[in-house]
Amino acid sequence: MASMKLGSKSEAFHRQGQSWHCTSGLQSDVTIEIGEMAFHLHKFPLLSRSGLLEKLIGESTASTHGSACFLQLSQLPGGAKAFELVAKFCYGVKIELTSMNVVSLRCAADYLQMNEEYGEGNLIAQTEAFLNEVFGNWTDTIKALETCEEVLPHAEELHIVSRCINSLAMKACADPMLFSWPVSTGNDTARTSGAAFWNGIYTATKPQQVSDDWWYEDVSFLSLPLYKRLIQAVEAGGMKAENIAGALVFYAKKYIPQMNRQSSFKNLNSGKTISIPSEADQGALLEEIVELIPNQKGVIHTRFLLRLLRTAMVLQASQACRDNLERRVGLQLDQAALEDILVPNLGYSVETLYDIDCFQRILDHFMSIEQASAAASPCIIEESQLMEGTHSLTSLTMVANLVDAYLADVAPDINLKFPKFQALAAAVPDYARPLSDGIYRAIDIYLKAHPWLTDSEREQICRLMNCQKLSLEASTHAAQNERLPLRVIVQVLFFEQLRLRTSISSWFFVSDNLDSSQNPNQVPPASKNVDCSQREPSHERASGVDDVRERVCELEKECQSMREEFQKLVKTRRIWNIFWRRKSHQSNSKPQKQCNAKAKRPCADGHQHCGNGELGH
């Protein structure tokens, strides 16, 4: 730590309780009171160095007609501690300037007007020269900046605060290895780990690489106003947005214990215990940090932004702060994980377990950005480009998968209203989903948890998925799902049959190509409609073609069995619908007379029907 020694005389003061006395042997003729401390001194050493004291002593002497004068300096920067050093300087007693006392001494010297008019090498010049030395050292500058808060108005007026901040910002933005700044890089063992000894002589090896976050902890002990000004200074100095965001994350974790869910914590490296601020102070600090975060996308991980959002809700931060965080999360929603976006509902009227409206707003921010970028560079999106296995998933596809997983997670909540579920699922366009398995799973869970939905609502919710994009496993499950409307099951079976026909046609196409390549002189048959049971493998065909034929036969059999099962299912559902409709009609209407026997007519299936077509008794 830098220091400067002033004066040459030995100690000439001693303290008795709340009083300081000079041991020169002369009787004191001036008493200066600062707070609860009284200094019994002599006029000449003081007025020869201070313009203010010369003025005050002259006025007091004139009013008291030469007797001992009494002065009060309650406004002196640094208080009694600073004036003790000032008095010793005036008497020529040895004092030591350090980074911890130079700021208060510089302010006190300016207040007392200790300039060069009252002696060469006066206290203003001495402290100013030492400050310039302090600004050349990183650690000393931080200590000096911390002491500025004790005399902040005077330090601001003398531009000491701005000079400290500019010095720190310049060093933080520069390469520490290039300029050899004395940065904090851990303990002494770590610093000397790169040292080598040869024959008992110390030789320094290549210096270790310093990481970009070397300055985070050092400046984290600054108060929020000074820290905010430092961050603005390094941003103006051209520091990368990622490094600025990293410093803000470090500061937030340190002073917002609500984020860490800890009641007390300590910095392990410095050993300094940090006082826990109140929730109101934490909320104000969080709002300031959010405002300082650079606007660039990806400078802070989405997980931490969502942690900030949850904390802002708990601390009841301002609506502008929460809107800002939601917008930032929406900007990079494709980087979020499911467990991070499950934000608990902390509102007064808690309906759902998770805050669905919050995620809806975040999703709307993301979709608005996607639509704006699509409008700026319009292009045709082919569905094959979004299919799995062809290209890496686009950000929109990743968000679509995230939305489907989110819906599946919140679907069991019985308080989740149908319009909210529908709006959230419909926010993502259909082309963003290569497969509809995710949205189908969410719909199935929602239908199971909400059996009271009307047929119309079930139809609407099933329109959210594309039956053509269901995988074979999902199609098989959907075809047997009794919670789905009959129309949806018919669509699933239709597209599955269409897919089967396409597969069969492709097999035939491959088979014919193999035949023509092996027998170029053979004339193809005129008709392909031959029963598979009558197909006999030719000795001239390769074994691969026989496998193709057998596979085609198996697919045709499977298709026929699926068609028969579907017809049985449709017939069974029709009978049950008639039965339940009849039963409901009987329970809601009054007992009526039996149908006239003459009006009854036999039906082809053996039942008797009334004239109105209903099933007879």
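Relevant structure appears above.
Being a predicted model, the structure only gives us computed values, none of them experimental.

A look at the packing of aromatic side chains
All chains considered together, the criterion is met by nine aromatic pairs. Aromatic pair Phe421 and Tyr446: ring centres 4.4 Å apart, planes at 20 degrees, arrangement stacked. With Phe421 in helix α22 (residues 418-426) and Tyr446 in helix α23 (residues 437-449), this pair connects stretches of sequence that are 25 residues apart. For the pair Phe421 and Tyr446, a shared accessibility class is recorded, and that class is buried.

Here we look at the sheet that holds strand β2 (residues 13-16)
An order of β2-β3-β5-β4-β6 is seen for the five strands of this open sheet, with the pairing classed as mixed. Bordering the open sheet on either side are β2 and β6 (69-72), each of which pairs with just one other strand. Between one strand and the next, the sheet's axes are offset by a mean angle of 20 degrees, whatever the strand orientation. The pairing of β2 with strand β3 (residues 19-22) spans four bridges and is antiparallel. When the sheet's bridge partners are listed, Phe13 is paired in β3 with Cys22. Across the sheet, helix α3 (residues 79-91) is in contact with β2, β3, β4 (30-34) and β5 (37-41); its angle to β5 comes to roughly 10 degrees.

What to know about the nonpolar core
Among the nonpolar cores identified, the biggest contains 156 residues, and Phe83, Val103, Trp215, Leu333 and Phe421 are the most heavily contacted of them. What Leu333 contacts, discounting residues up to four positions off in sequence, is Ile341, Phe359, Ile362, Leu363, Phe366, Val399 and Leu402.

Some thoughts on the pattern of salt bridges
Counting across every chain of the model gives 17 salt bridges. Residues Lys240 and Asp212 are paired through a salt bridge, measuring 4.0 Å at the closest nitrogen-oxygen approach. Taken together, the positions of Lys240 in the loop between α12 (224-236) and α13 (241-255) and Asp212 in the loop between β9 (201-204) and α11 (216-219) put the pair 28 residues apart, joining distant regions of the chain. What makes Lys240 partly exposed here is its relative accessible area of 49%. We classify Asp212 as partly exposed; its relative accessible area is 44%. Residues participating in the shared-partner salt-bridge network are Arg106, Asp110, Glu128 and Arg163.

So, the packing of helix α16 (residues 302-314) against helix α17 (residues 319-331)
Closest axis-to-axis distance for the α16/α17 pair is 10 Å, and the angle between their directions is 160 degrees. In terms of axis orientation, α16 runs roughly antiparallel to α17. With respect to the hand of their crossing, α16 and α17 are arranged in left-handed fashion. Seen from α16, the contacting residues are Thr302, Leu305, Leu306, Leu308, Leu309, Ala312 and Met313; seen from α17, they are Arg322, Leu325, Glu326, Arg328 and Val329. Here the contact of α16 with α17 is built from residues that sort into eight nonpolar, one polar and three charged.

Digging into the state of the cysteines
Within this structure, the stated rule accounts for zero disulfides. Free of any disulfide, Cys107 has its nearest cysteine sulfur in Cys148, 7.1 Å distant. Assessed through its relative accessible area of 1%, Cys107 is described here as buried. Looking at Cys467, it has no disulfide partner, and the nearest cysteine sulfur is the one in Cys462, 7.8 Å off. Residue class for Cys467 comes out buried when judged on its relative accessible area of 4%.

As for helix α21 (residues 395-410)
The terminal C-alpha atoms of α21 lie 22 Å apart, and with 16 residues this matches the ideal 22 Å at 1.5 Å per residue to within 8%. Residues of α21 that are buried include every one of Leu396, Thr397, Val399, Ala400, Leu402, Val403, Asp404, Tyr406, Leu407, Ala408 and Val410, and no others.

Conventions we followed
- Residues numbered from 1 in each chain as written.
- Predicted model: local features only at pLDDT ≥ 70, side-chain atom pairs only at ≥ 80, totals over all residues.
- Heavy atoms only, no water.
- Phe/Tyr/Trp six-rings, centres within 6.5 Å; stacked < 30°, edge-to-face > 60°.
- Helix = DSSP H or I, 4+ residues; strand = E, 2+ residues; numbered from the N terminus.
- Buried < 20%, exposed > 50% of the residue type's maximum accessible area, 1.4 Å probe, protein only.
- Pairing = 2+ DSSP bridges.
- Axes fitted to C-alpha atoms, helices over the stretch in contact; angles between N-to-C directions.
- Contact = heavy atoms within 4.5 Å.
- Core = buried A, V, L, I, M, F, W, Y, C linked by side-chain atoms within 4.5 Å.
- Salt bridge = Lys/Arg side-chain N within 4 Å of Asp/Glu carboxyl O.
- Parallel < 35°, antiparallel > 145°, perpendicular 65-115°, else oblique.
- Left-handed = near helix turned anticlockwise from the far one by under 90°.
- Nonpolar A, V, L, I, M, F, W, Y, C, P; charged D, E, K, R; others polar.
- Disulfide = S-S within 2.5 Å.
- Expected span 1.5 Å × (residues − 1).

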